[in-house]
Amino acid sequence: MPKTAIMQSEMKIVHGGENSSAPIIYAIDAPEFPFSIDPACEGIRARVVKVPVASWDENLTPWTAESPFRGRPDYAGKADETAAELIGCCHAFEAEKGLAPSRRALAGYSLGGLFALHAFLHEPFWDACASLSGSLWYPGWAEAMEHLALAREVDFSGRSCYLSVGNREAKAPQPQLRHVVEGLAMTGLALEVHRCTVRCEIGPGAHTQHEEDRWRKGMAALDSFLA
């Protein structure tokens, strides 16, 4: 059997009503760094599906790069393959559950947030995305956003993006990570140039603080985008 990134058998609905056409928010998760997404879904109208992904460093990174974290493997850059696989898994999941969503969004935290944004930029399948404390310090990301801002015939009209970061994330011990706020600003600008609705938020805390609050705000933003 070929190795897959999406753990399709473990995809599950964590929030949602009976309406088969309700918008769906697909939330990237991983056994390595699991998130408690359920509390963040309270009060939102969209259906939420958790999507476990194997090996974040390998499957959620947009291109190969050296890891700034001691003891962690370098990044394998397989996000494009994962994004394509994810769309197939979403179609299969929706067919199995009898769902016909009116719109779809993708959300993720940290490398999951980087992946959600990368997939959103390259796959019109996604109507909206939320990059929560996304790893927008990633090597080469700033250059990619500069290229996107100058690109011709790119149009994100009718699509929406929520970007958030903690106000202490730029003070990370790893110098590379200190560019995260710049990365967020460059991303927001590049998207706005091409008529994407963008909402940016700088909240309190470092990368591993206030995670639940960032998930809650991101889910609420997506819910309003998809309405």
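Quantities reported herein were computed from a predicted structural model and do not represent experimental measurements.

**Examining the pairing of strand S7 (residues 197-203)**
As paired elements, strand S6 (residues 160-166) and S7 share seven bridges and run parallel to each other. Paired with Ser 164 across the two strands is Glu 201, which belongs to S7. After leaving S6, the chain enters helix H5 (residues 180-193) and then returns to the sheet as S7, a path that is right-handed.

**Here we look at the sheet that holds strand S4 (residues 104-109)**
In spatial order, the strands read S1-S3-S2-S4-S5-S6-S7; together these seven strands make up an open sheet with mixed pairing. Here the strands that pair on one side only, and so sit at the sheet edges, are strand S1 (12-15) and S7. Strand after strand, the sheet turns through a mean of 20 degrees between neighbouring axes, direction not considered. Sheet contacts for helix H2 (residues 79-97): S1, strand S2 (24-29), strand S3 (47-52) and S4; angle to S2, the most-contacted strand, approximately 125 degrees. Across the sheet, helix H6 (residues 211-226) lies against S2, S3, S4, strand S5 (128-132), S6 and S7, angled at about 165 degrees from S4, the strand it touches most.

**Quick look at the environment of Tyr 109**
Looking at the secondary structure, you find Tyr 109 in strand S4. Distance from Tyr 109 to Ser 131, taken between C-alpha atoms, is 6.2 Å for residues 22 residues apart in sequence. Dropping the residues within four chain positions of it, Tyr 109 is found in contact with Phe 35, Trp 56, Leu 132, Ser 133, His 207, Gln 209, Glu 211, Arg 214 and Trp 215.

**Side note on H6**
Residues three or four positions apart in an α-helix share a direction because the helix packs 3.6 residues into each turn. Across its 16 residues, H6 extends 22 Å between first and last C-alpha, which sits within 8% of the 22 Å expected from 1.5 Å per residue. Residues Arg 214, Trp 215, Gly 218, Met 219, Ala 221, Leu 222, Asp 223, Phe 225 and Leu 226 constitute the buried set of H6. Along its buried surface, H6 packs onto S2, S3, S4, S5, S6 and S7.

**Focus on the layout of surface pockets**
The probe, sized like a water molecule, is rolled over the atoms to show the empty space still left. Its volume calculated, the largest pocket comes out at about 470 Å³. Around the largest pocket, the lining is made up of 24 residues, and of these Phe 33, Phe 69, Ser 110, His 207 and Thr 208 lie nearest the centre. Across the lining of the largest pocket, the residue classes tally to twelve nonpolar, eight polar and four charged.

**Looking at the packing of helix H3 (residues 111-122) against helix H4 (residues 141-150)**
At a minimum axis distance of 13 Å, the contact between H3 and H4 shows a crossing angle of 25 degrees. The angle between the axes of H3 and H4 places the two elements in the roughly parallel class. Between H3 and H4 lies a crossing of left-handed hand. For the pair formed by H3 and H4, the contact residues are Leu 114, Leu 117, His 118 and Leu 121 on the first element and Trp 141, Met 145 and Leu 148 on the second. Grouping the amino acids of the contact of H3 with H4 by side-chain chemistry returns six nonpolar, one polar and no charged.

**Some points on the packing of aromatic side chains**
In this structure the tally under the stated criterion is twelve aromatic pairs. When the centroid spacing of 6.2 Å and the interplanar angle of 25 degrees are considered together, the rings of Trp 63 and Trp 141 count as stacked. With a gap of 78 residues between them, Trp 63 in the loop between helix H1 (56-59) and H2 and Trp 141 in helix H4 connect regions that are remote in the sequence. Summarising the aromatic geometry, the rings of Tyr 75 and Tyr 138 are spaced 5.3 Å apart at their centres and angled 40 degrees between planes, so their arrangement reads as tilted. Of this pair, Tyr 75 sits in the loop between H1 and H2 while Tyr 138 is found in the loop between S5 and H4, placing the two residues 63 residues apart along the sequence. By the burial criterion, Tyr 75 is buried, and Tyr 138 matches it. Ring pairing ties together the aromatic residues Trp 63, Phe 69, Tyr 75, Trp 137, Tyr 138 and Trp 141, which thus form one cluster. The positively charged end of Arg 159 is found above the aromatic ring belonging to Phe 120, 4.1 Å away from the centroid.

**As for the nonpolar core**
Core analysis: the largest hydrophobic core is formed by 75 residues, its most contacted members being Ile 25, Tyr 26 and Trp 215. If you tally residues by element for this core, the top one is H3, at eight residues.

**Focus: empty space enclosed by the protein**
Applying the stated criterion to the full structure yields two cavities of 30 Å³ or more. By volume, the largest cavity amounts to about 60 Å³. Lining the largest cavity, in full, are Tyr 162, Ser 164, Glu 201, Gly 203, Pro 204, Asp 213, Arg 214 and Lys 217. For the lining of the largest cavity, the elements supplying multiple residues, two or more each, are S6, S7 and H6. Here the lining of the largest cavity is composed, by residue class, of two nonpolar, two polar and four charged. By volume, the second largest cavity amounts to about 30 Å³.

Reading the values: rules and limits
Residues numbered from 1 in each chain as written. Predicted model: local features only at pLDDT ≥ 70, side-chain atom pairs only at ≥ 80, totals over all residues. Heavy atoms only, no water. Pairing = 2+ DSSP bridges. Helix = DSSP H or I, 4+ residues; strand = E, 2+ residues; numbered from the N terminus. Right-handed = clockwise from strand over helix to strand, strands pointing away. Axes fitted to C-alpha atoms, helices over the stretch in contact; angles between N-to-C directions. Contact = heavy atoms within 4.5 Å. Expected span 1.5 Å × (residues − 1). Buried < 20%, exposed > 50% of the residue type's maximum accessible area, 1.4 Å probe, protein only. 1 Å grid on protein atoms, 1.4 Å probe; cavity = no way out; pocket = protein on both sides within 12 Å on 5 of 7 lines; lining within 4 Å. Points joined across faces, edges and corners; volume = space filled by probe spheres on them. Nonpolar A, V, L, I, M, F, W, Y, C, P; charged D, E, K, R; others polar. Parallel < 35°, antiparallel > 145°, perpendicular 65-115°, else oblique. Left-handed = near helix turned anticlockwise from the far one by under 90°. Phe/Tyr/Trp six-rings, centres within 6.5 Å; stacked < 30°, edge-to-face > 60°. Lys NZ or Arg CZ within 6 Å of the ring centre and 35° of its normal. Core = buried A, V, L, I, M, F, W, Y, C linked by side-chain atoms within 4.5 Å.

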